[in-house]
Amino acid sequence: MTETTGLPPWDSVLAVVAHPDDESFGLGAVLSAFAAVGAAVDVLCLTRGEASTLHGVEGDLSQIRELELRAAADALGARGVTLRDLPDGGLSALDPAVLDDEVEHAMGRAHPDGLVVFDSTGISGHPDHVAATAAAVRAGERHGLPVVAWTLAEEICGALAGEGYAGFLGRPAGEIDLALTVDRTAQLAAVECHPSQAVPGSVLWRRLELQGDTEHLRWLRRP
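None of the values given here were measured: they were computed from a predicted structure.

> Let's hear about the pattern of salt bridges: which residues, and what values?
Counted according to the given criterion, the structure contains 15 salt bridges. The residue Asp100 makes a salt bridge to Arg142 at a minimum N-O spacing of 3.6 Å. With Asp100 in helix H4 (residues 96-110) and Arg142 in helix H5 (residues 127-143), the pair connects residues that are 42 residues apart, well separated along the chain. Assessed through its relative accessible area of 13%, Asp100 is described here as buried. Overlapping salt bridges, with partners in common, bring together Asp100, Glu104, Arg138 and Arg142 in one network.

> Go over the layout of surface pockets with me, naming the residues and quoting the values.
Estimates place the volume of the largest pocket at around 650 Å³. Along its surface, the largest pocket is lined by 27 residues, and Asp21, Asp22, Ser124, His126 and His129 are the ones closest to its centre. Looking at the lining of the largest pocket, the elements with two or more residues in it are helix H1 (22-26) and helix H8 (203-211). Class assignment for the residues of the lining of the largest pocket results in ten nonpolar, twelve polar and five charged.

> Give a description of empty space enclosed by the protein that names residues and reports values.
Going through the model one piece at a time under the given rule, you end up with one cavity of 30 Å³ or more. Val16, Val17, Ala18, Asp22, Phe118, His129, Ala132 and Thr133 together form the lining of the largest cavity. Elements with a minimum of two residues in the lining of the largest cavity: strand E2 (12-17) and H5. For the lining of the largest cavity, the leading source of residues is H5, giving three residues. Broken down by class, the residue content of the lining of the largest cavity amounts to five nonpolar, two polar and one charged.

> Give me the packing of aromatic side chains: which residues, what numbers.
In the structure shown here, the tally under the stated rule is three aromatic pairs. For the ring pair Trp10 and Phe34, a centre distance of 5.7 Å and an interplane angle of 5 degrees mean the geometry is stacked. Taken together, the residues span a long stretch of sequence, with Trp10 in the loop between strand E1 (2-3) and E2 and Phe34 in helix H2 (residues 28-36) at a distance of 24 residues. For Trp10, a relative accessible area of 9% translates into the label buried. Judged by its relative accessible area of 1%, Phe34 falls in the buried class. By the ring-pair criterion, three or more aromatic residues cluster together here, those being Trp10, Phe34 and Trp219.

Calculation criteria
- Residues numbered from 1 in each chain as written.
- Predicted model: local features only at pLDDT ≥ 70, side-chain atom pairs only at ≥ 80, totals over all residues.
- Heavy atoms only, no water.
- Salt bridge = Lys/Arg side-chain N within 4 Å of Asp/Glu carboxyl O.
- Helix = DSSP H or I, 4+ residues; strand = E, 2+ residues; numbered from the N terminus.
- Buried < 20%, exposed > 50% of the residue type's maximum accessible area, 1.4 Å probe, protein only.
- 1 Å grid on protein atoms, 1.4 Å probe; cavity = no way out; pocket = protein on both sides within 12 Å on 5 of 7 lines; lining within 4 Å.
- Points joined across faces, edges and corners; volume = space filled by probe spheres on them.
- Nonpolar A, V, L, I, M, F, W, Y, C, P; charged D, E, K, R; others polar.
- Phe/Tyr/Trp six-rings, centres within 6.5 Å; stacked < 30°, edge-to-face > 60°.

Now the structure itself:
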């Protein structure tokens, strides 16, 4: 594992995620770190998150979560957000070309130097996460762009499993490329913009506690 506090030297970043809140709960500290050093950060979110079983705010989830996403992106310092309405929970069943088209259109607007995604495991194994990341990697291959993924160290996943939060998929040290020291202030502000999902007792809070001020990344497509 390469220990570093430096980010890839990109002037423009496109995050490709499946659901509103992925940009904050998962990628928040990394995206805000890019924004803090002056990179233009854009977010492509492929679904409106309407199928979530969490409903901390009353109302139409698809509308609520759009407002939450846009507020959270502002808190992270993002330049822009593209929210699509592909089926929540159904990305893996779509023709990959549909996802590829969405990423292509977002890249045409953002002109990124690199892509930021969830690990290819989906972190929680969620098929939507896996499909979104795969689409970003295909785009990186087509355009010759690097793709870096947020991941979790396996010891954090083990600790969560031991406390009853099973299902997280981590990486051993040998598969982690970057260990970043991060400031979570902007991420936590973004998380607060998602009251429908950041409910009391959520595993999110314990995960962030275990992560402390460190985020782990791995290259899915190297520079």
